[in-house]
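# Examination of the molecular architecture
If you want the building blocks of each chain, they are given just below.
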Amino acid sequence: LALRRNPILCIVDDDDDVRSSLENYLRAAGVAVRTFGSAEHFLASPDRLEADCLITDLHMPGMDGLALQQELNRIGRAFPVIVMTAFPTIAAREQSAGLGCAAFLAKPVDPDLLLDRVEEILG
Amino acid sequence: MAAHLQKRDRVLWASAFAVMLLILAADALSPLQGAVAVLYVIVVLLVAHGGATSRAVLGTGLACGALAVGAFLADHIHEPFNAAHVRLGVSLVAIAATTLLSVEQRRAEAERNEARARLEQSSAELAHASRVSTLGQLTASIAHEVNQPLSAIITYGKSAKRWLSRDVPDLPEVTACLDQIVANGSRAADIISRVRSLARKAAPEAEPLDLAELAGEAIDLVRREARAADVALRRIGDAQVPLVTGDRVQIQQVLVNLLMNGIQAMRDVQGRARELCIKLEPDAGNMVRVAVADCGSGIAGDPARIFEPFFTTKPDGMGMGLSICRSIVEAQGGRISAANNPVHGVTIAFTLPAASPEAP
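Summarised in this report is the structure supplied together with it. (Residues numbered from 1 in each chain as written. Chains lettered and ligands numbered in written order. Predicted model: local features only at pLDDT ≥ 70, side-chain atom pairs only at ≥ 80, totals over all residues. Heavy atoms only, no water.)

To continue, consider the overall build of chain A. Tallying secondary structure elements over chain A gives 6 helices and 5 strands in all. Reading the secondary structure of chain A in the N-to-C direction produces β-α-β-α-α-β-α-β-α-β-α. Within chain A, the proportion of its 123 residues that are buried is 51%. Long-range contacts, defined as pairs at least 24 residues apart, comprise 63% of the intrachain contacts of chain A with a sequence gap of at least 6. Of the roughly 5,300 Å² of accessible surface on chain A, 50% is carried by carbon and sulfur atoms. (Helix = DSSP H or I, 4+ residues; strand = E, 2+ residues; numbered from the N terminus. Buried < 20%, exposed > 50% of the residue type's maximum accessible area, 1.4 Å probe, protein only. Contact = heavy atoms within 4.5 Å. Areas by Shrake-Rupley, 256 points an atom, 1.4 Å probe, with all protein chains shown as cover.)

The following block contains the structure:
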């Protein structure tokens, strides 16, 4: 892997299985991963400023992925954000792009592809 | 059931036949021959009230008439016209009148039964159509619910390959991945089987049901819909309730309908939590009560109106869902009611009879 200095990847998704399967896969690929069940949990952790990359779902109860991106921009995010969604509408894609997301992936996400994008973005 | 009916039929025909023979003997031996033959009406009435077809009743009437005439002719064939002929004539008229009336009654009854069967079939079809339409509203949710475990399966599969292809294969991690693949496969299969059972079209069947389990399944079906509408689903007071008697699919339909209805009733709610409460509790008269309470804006006017066909508050609603819920609940011996809550929203509650303890 050509990732610089052991980066920390954060995943925010309300679905337990999606979250833990991606966590397992990225761990198998040798990437350090931290997972969060909601945007609120992520914002309450130190990772909100210290993560190296964030992968977030859009459609979540409570704060959704778009609001999370807005909040991160407001507090001065310095890391790339990858959005994944089961409802990849054009509007959602444009809004996310407007908020500066590095990639926009449709669910179900192919983990190989996700890893490629992560390496591309961080590499 | 069929064997039981056949046995009843055999007993009926045997007793009718026995009575007919007795009357024949009495008629042949009696000095008042011809008059005793009026008793044949008993045979006709027996057959008619035993539930025979109108054709069988007509046949019985003709046979009785023939026996009366036969027994009479055996003794009186060479006699000139006398009082005995009049007695026979009166008896034959009585037998004929009884037969015709019974035939008419059986025919009307058969028509009534047919109309009732048609009505039952139409309401089963209507209930099915409403279920399919509810499933239609849930399509995006269902697709998403199935997609979620499928993508987990793919990811865990690829993950397992990575653990295996390490310099030292990490077998415990591979095992964990395989366990997850199995668990997610079952999760997808469960969703499919719940959807399939709701789409199933079959005659309603009464069986003992665990309402707590059914409520859990209904909640699973609408969970995604609730999330999309930012509605929190809450089960309160999960007291142990007895099993109830009813048709599983139809009761499930009522539960899903009430939940969907509650979720939709709160779509304009702003400034307070959107919460949908499901409560199960034992009710008076050996019933179990299920209440679904939303915190929407309530129903203006008489809340019972929501069960009338074509009553709807939704721009895209047909107004059939709750009216079908009412016929389902009432057909299974329960009641459904609606009342505005003291503060916000409506509570729709229905009851079902508890299954008798000796039922399996």
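Turning next to the layout of surface pockets. All names here are of chain B. Space inside the second largest pocket adds up to approximately 390 Å³. Along its surface, the second largest pocket is lined by 19 residues, and Glu 120, Ser 123, Pro 204, Gln 250 and Ala 331 are the ones closest to its centre. Broken down by secondary-structure element, the contributors of at least two residues to the lining of the second largest pocket are helix H4 (83-137) and helix H9 (321-331). Examining the composition of the lining of the second largest pocket, we find that 7 residues originate from one element, H4, more than from any other. By residue class, the composition of the lining of the second largest pocket is 10 nonpolar, 6 polar and 3 charged. (1 Å grid on protein atoms, 1.4 Å probe; cavity = no way out; pocket = protein on both sides within 12 Å on 5 of 7 lines; lining within 4 Å. Points joined across faces, edges and corners; volume = space filled by probe spheres on them. Nonpolar A, V, L, I, M, F, W, Y, C, P; charged D, E, K, R; others polar.)

To continue, consider the packing of helix H1 (residues 16-28) of chain A against helix H6 (residues 171-199) of chain B. Remark: H1 of chain A packs on H6 of chain B, axes separated minimally by 12 Å, with the N-to-C direction vectors making an angle of 155 degrees. Taken together, the axes of H1 of chain A and H6 of chain B lie roughly antiparallel to each other. The element H1 of chain A and its partner H6 of chain B pack so that their crossing is left-handed. Of the residues in H6 of chain B, those touching H1 of chain A at Asp 17, Asn 24 and Arg 27 of chain A are Glu 173, Cys 177, Gln 180, Asn 184 and Arg 187 of chain B. Counted by class, the contact of H1 of chain A with H6 of chain B contains 1 nonpolar, 3 polar and 4 charged residues. (Axes fitted to C-alpha atoms, helices over the stretch in contact; angles between N-to-C directions. Parallel < 35°, antiparallel > 145°, perpendicular 65-115°, else oblique. Left-handed = near helix turned anticlockwise from the far one by under 90°.)

Before going further, it helps to examine empty space enclosed by the protein. Using the criterion set out here, one finds 2 cavities of 30 Å³ or more in the structure. Roughly 60 Å³ of internal volume is contained in the largest cavity. What lines the largest cavity is simply Val 18, Ser 21, Leu 22, Lys 107 and Val 109 of chain A together with Ser 151, Ala 152 and Thr 155 of chain B. Class assignment of the residues belonging to the lining of the largest cavity gives a composition of 4 nonpolar, 3 polar and 1 charged.

None of this, on its own, says anything about what the molecule does.
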